[in-house]
Amino acid sequence: MVYAALDIHKRIFQAAVLDADTGELVQERLPATREALDDWATRWAGKLEAVALEATTGWRWVARELQARGFDVRLCDPGEARALGGSKRRPKTDRLDAAWLARLLAKEMLPEAWLPPEEIQYLRDRTRLRHALAQDRNRWAQRLHALLTHEGWPCGRGRLLTVSGQQWASALVLPEPARASVEAMLTVIHALDEQIELLDGELRRLARSDPRLTALCAIFGVGPVLAAHLLAEIGAASRFRRARQVVRLSGLDPVVSESADVRRRGRLSKQGSPELRWALAEAAHHACRHRSPDHDLYLDVKQRRGTQRATLTVARKLAHRAYHVLADLEQVA
């Protein structure tokens, strides 16, 4: 059996093709262009069992081009692949990296990352764009808030994200330099609001037509936009063995240090999807409402450990709930 790996960089690809039966290894350096990749794929079409790619910048279009030509593409977690090489310091070159990936693939030891289908990748692109735009809007509102405070017009930062708050800021009597800065910031915030609203409309339409999003919306605190974020980041529930792995994907699991009978739980690992972590935390904030099924749990943890710990506890429970909702739908299908 013959296996291949591509070490991807912005300007070059390092290709390694390994014959697992004979141990023969063929290395090749390619320009990072579609033409060069097409030429390489044409020469190896029908001869390879699978091709390994690291989940690094630029992997997506390479995977798409190879899959279109019938290759079995395996996406690899770069950190875990390096960890399998051990802690001993060794030379690092593109040739060695590509050969190592090919050998891991041939030995069925490749630490695979999930390769999302096209629909989930599209949804992930839209939700992550919306999240980035919302963060930019908040940053500009914070800048505006700081400027108005310096000019003697303090207000709540959240107010500047509302229409009435922006109208109030626009009507203030300010020195000319400050007035120009306020108008510029309000223009940016307004443009971001328009783009966010367009994305929200698209996500709401998807939520009405996709049964997975409809089912996620049944979770208390989860609306169409948060449901889209959850589905985009979790994807297929079948790729997890248990609900706890969704918590780990979100980075909401605490770091555990264990030795013999001593076990310590530290801070959150935050090793996972920040967008999923944000969506779960946003939904968990609604647990403070009396109608929430997690209200008693929230109050109990809040009394003992504080508001932040209570929110994180509910967020983990919501991760379990989202996993089971998607898993039940997949079983029915």
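Read on for an overview of the structure.

As a further point, take the side chain of Arg124. As for its position among the elements, Arg124 is in helix H5 (residues 118-150). No salt bridge is formed by the buried Arg124; the nearest opposite charge belongs to Glu233, separated by 4.2 Å. Leaving out residues up to four positions away in the same chain, Arg124 has contacts with Trp114, Pro116, Ala232 and Glu233.

Core analysis: the largest hydrophobic core is formed by 41 residues, its most contacted members being Leu216 and Leu280. The greatest single-element share of this core, amounting to 11 residues, is contributed by helix H13 (residues 307-332). The next biggest cluster of nonpolar side chains, apart from the first, holds 25 residues, and it includes Ala4, Leu6, Ala32 and Leu53.

The residue Glu108 is not glycine, and still its phi comes out positive at about 60°. Along the chain, the position of Glu108 falls in the loop between helix H4 (94-106) and H5. For Glu108, a relative accessible area of 73% puts it in the exposed group. Of note, the phi angle at Lys270 is positive, near 55°, even though the residue is not glycine. By the secondary structure assignment, Lys270 is in the loop between strand E7 (262-268) and helix H11 (274-284). By relative accessible area, Lys270 is classed as exposed at 53%.

What follows concerns the pattern of salt bridges. Under the defined criterion, the tally for this structure stands at 22 salt bridges. Residue Asp97 pairs with Lys92 through a salt bridge whose shortest N-O separation is 2.7 Å. Overall, Asp97 belongs to the buried group, its relative accessible area being 19%. A residue is classified by how much of its surface remains accessible, and Lys92, at 61% relative accessible area, is exposed. Residues joined by salt bridges that share partners form a network here, namely Arg34, Asp38, Glu65 and Arg69.

Conventions used here
- Residues numbered from 1 in each chain as written.
- Predicted model: local features only at pLDDT ≥ 70, side-chain atom pairs only at ≥ 80, totals over all residues.
- Heavy atoms only, no water.
- Helix = DSSP H or I, 4+ residues; strand = E, 2+ residues; numbered from the N terminus.
- Buried < 20%, exposed > 50% of the residue type's maximum accessible area, 1.4 Å probe, protein only.
- Lys, Arg positive; Asp, Glu negative; His and termini not counted.
- Salt bridge = Lys/Arg side-chain N within 4 Å of Asp/Glu carboxyl O.
- Contact = heavy atoms within 4.5 Å.
- Core = buried A, V, L, I, M, F, W, Y, C linked by side-chain atoms within 4.5 Å.

So far we have only geometry, and geometry alone does not tell us how the molecule works.
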